[in-house]
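Results of the structural survey
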Amino acid sequence: MMNYKLRAAKMADHDLIYALKSESIRPYVEEIWGWDEEFQKKDFNREFELLEHFHVVEVNEIFAGFVQCFSHDRYIEIAEIDLIPQFRGMGIGSDIFKKMMTEGTLCHKIIRVGCFQKNLRARNFYQRLGFVQFEGTDTHALLQYEGCTIIPYNERYRDDMIFMVLEAKNALGRTPRLNEDLLDIQGHYLDRGDMFWLALDANDRVIGCIGFNSIPGTTEVTLHRLYVKFNRKRLGIGTTLLQTAEAYIRNQGKTAVYVHLGGKEYFESHSFYPKHGYVEYKPSLMKKILD
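Because the structure is a prediction, the values reported are computed rather than measured.

Take the packing of aromatic side chains next. Tallied over the full model, the rule gives 21 aromatic pairs. Seen in terms of ring centroids, Phe131 and Tyr145 are 5.8 Å apart; in terms of plane orientation they differ by 45°. Their pairing is tilted. With Phe131 in the loop between helix 4 (120–128) and strand 6 (132–136) and Tyr145 in strand 7 (residues 140–145), the pair connects residues that are 14 residues apart, well separated along the chain. What makes Tyr145 buried here is its relative accessible area of 2%.

Written as structure tokens, this is what we have:
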């Protein structure tokens, strides 16, 4: 992906942003209502008065596009995101969306976005990222990304969870074999007084999991099976699962959490856990003291 940066928009960016927005929406507006340049400029000028909602995308200090978004109590609204043609298809738009989706997941907010019904390129892009249409008109489609819902393990999701784990392992280049405990969550976790959680998406499909076992005779536990669906990584789902588990473990009076990182193929784990306060005490073994 091409390197880029986001910065707060300035009044001096007005003309560049308006020109890009006009170029992007004009074909659809013209077909539906007809293009009225005077009206479009006045409408944009009213929006641009709320300058704090605009951010400029830059590549090597060059104007590459803009983002317009609003934060509400329950959701974050991405009102507009446009890149000039030479910077499209380079992963910049996807990266911006994924960062905002991560923010939404971590602060428990829905991400909403709209587009013209006929803008199939945009709709397909949003749907590939996991957005689901929740409303629509003759002219516009409204889509949202709900992050994930964390629930205690339920046997009805067993097969879907297994399929998700096998996919995740396969994406890492590993032989997709299942650990014995994943075939019997009830016996290996719940019947022992421990816990196991699932992350579900808006379509009620399993996109992540995590569990723990208590270490007998101690106030310590070992985490197991933190997996996230391969195409939903880096969206805050793993962090949400980990935070859910740690909060529960802490409330049970436990004082420390151990985790085995696995081999080098689990390279993501080796960077993920240190970001959340885990410290390596032996090769591939980490520990976190709970406050």
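The rest of the description comes next.
Let us now look at the layout of surface pockets. As a volume, the largest pocket reaches approximately 1200 Å³. Along the walls of the largest pocket sit 48 residues, with Glu80, Ile81, Asp82, Gly114 and Tyr126 positioned nearest its centre. Those elements giving two or more residues to the lining of the largest pocket turn out to be helix 1 (14–32), helix 2 (37–48), strand 3 (62–71), strand 4 (75–83), helix 3 (92–106), strand 5 (110–116), helix 4 and strand 7. Of the residues assigned to the lining of the largest pocket, the class counts are 26 nonpolar, 11 polar and 11 charged. Estimates place the volume of the second largest pocket at around 950 Å³. Lining the second largest pocket are 34 residues, with Leu226, Glu268, Ser269, Phe272 and Tyr273 sitting closest to its centre. Considering each element in turn, the lining of the second largest pocket owes the most residues, 6 residues, to strand 11 (residues 220–228). Residues that form the lining of the second largest pocket fall into these classes: 13 nonpolar, 12 polar and 9 charged.

This paragraph deals with empty space enclosed by the protein. In this structure the tally under the stated criterion is 1 cavity of 30 Å³ or more. Gly130, Tyr145, Glu146, Gly147, Asp201, Ala202, Asn203 and Arg232 together form the lining of the largest cavity. Considered class by class, the residues forming the lining of the largest cavity number 2 nonpolar, 3 polar and 3 charged.

Taken in spatial order, the 7 strands make up an open sheet running 8-9-10-11-12-14-13, and their pairing is mixed. For this open sheet the edge positions go to strand 8 (149–152) and strand 13 (279–282), each flanked by a neighbour on one side alone. When strand polarity is set aside, the average angle formed by the axes of neighbouring strands in this sheet is 30°. Looking at chain direction, strand 8 and strand 9 (residues 195–200) are connected through 4 bridges and run antiparallel. Residue pairing for strand 9: Thr149 is matched across the bridge by Leu200. Of the strands in this sheet, strand 9, strand 10 (206–214) and strand 11 touch helix 5 (residues 158–171), which is tilted by about 95° from strand 10.

About the thresholds
- Residues numbered from 1 in each chain as written.
- Predicted model: local features only at pLDDT ≥ 70, side-chain atom pairs only at ≥ 80, totals over all residues.
- Heavy atoms only, no water.
- Phe/Tyr/Trp six-rings, centres within 6.5 Å; stacked < 30°, edge-to-face > 60°.
- Helix = DSSP H or I, 4+ residues; strand = E, 2+ residues; numbered from the N terminus.
- Buried < 20%, exposed > 50% of the residue type's maximum accessible area, 1.4 Å probe, protein only.
- 1 Å grid on protein atoms, 1.4 Å probe; cavity = no way out; pocket = protein on both sides within 12 Å on 5 of 7 lines; lining within 4 Å.
- Points joined across faces, edges and corners; volume = space filled by probe spheres on them.
- Nonpolar A, V, L, I, M, F, W, Y, C, P; charged D, E, K, R; others polar.
- Pairing = 2+ DSSP bridges.
- Axes fitted to C-alpha atoms, helices over the stretch in contact; angles between N-to-C directions.
- Contact = heavy atoms within 4.5 Å.

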